[in-house]
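Coordinate analysis (summary)
As a plain string of letters, each chain reads:
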Amino acid sequence: MKVTASAVLEQPPTPTTAHLLTAPLPDLLAELDVDPVESSITEPGFTGYVIRDAARLVLVLPPGRSEWERDLMTRHLLGSAFDVPMPPLPGEYRITELEPELLAA
């Protein structure tokens, strides 16, 4: 069976640390085929999450956060999703990776 290019889902290229940190955020989201979504979770310690949905990444961020915090967490969550080394987050922020089966429970 011959597989044509249009039948293969294209994955965005893995970004570099420098690109994740410096690219304009709208451009970065478009390049990486990321769908940003606003969460209904408003807990102070919740900073968002990223999950693969079919061939796309869905980035979920809480409402009402500063532009600085949304930018910071978006870039770091994408770094985590693509397994790209990132500089440490400021002290009050953490990224915790969950196993996919825990999300389905």
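Summary of the structure given here.

Secondary structure summary: the protein chain contains four helices and three strands in total. Counting from the amino terminus, helix and strand elements in the protein chain follow one another as α-α-β-β-β-α-α. Expressed as a percentage of the 105 residues in the protein chain, the buried residues total 32%. The long-range share in the protein chain, meaning contacts at least 24 apart out of those at least 6 apart in sequence, stands at 43%.

With phi around 60°, D33 is a residue other than glycine that occupies positive phi space. Examined against the element boundaries, D33 turns out to sit in the loop between α2 (25–31) and β1 (34–38). Taking the relative accessible area as the measure of exposure, D33 reaches 28% and is therefore partly exposed.

What counts as what
- Residues numbered from 1 in each chain as written.
- Predicted model: local features only at pLDDT ≥ 70, side-chain atom pairs only at ≥ 80, totals over all residues.
- Heavy atoms only, no water.
- Helix = DSSP H or I, 4+ residues; strand = E, 2+ residues; numbered from the N terminus.
- Buried < 20%, exposed > 50% of the residue type's maximum accessible area, 1.4 Å probe, protein only.
- Contact = heavy atoms within 4.5 Å.

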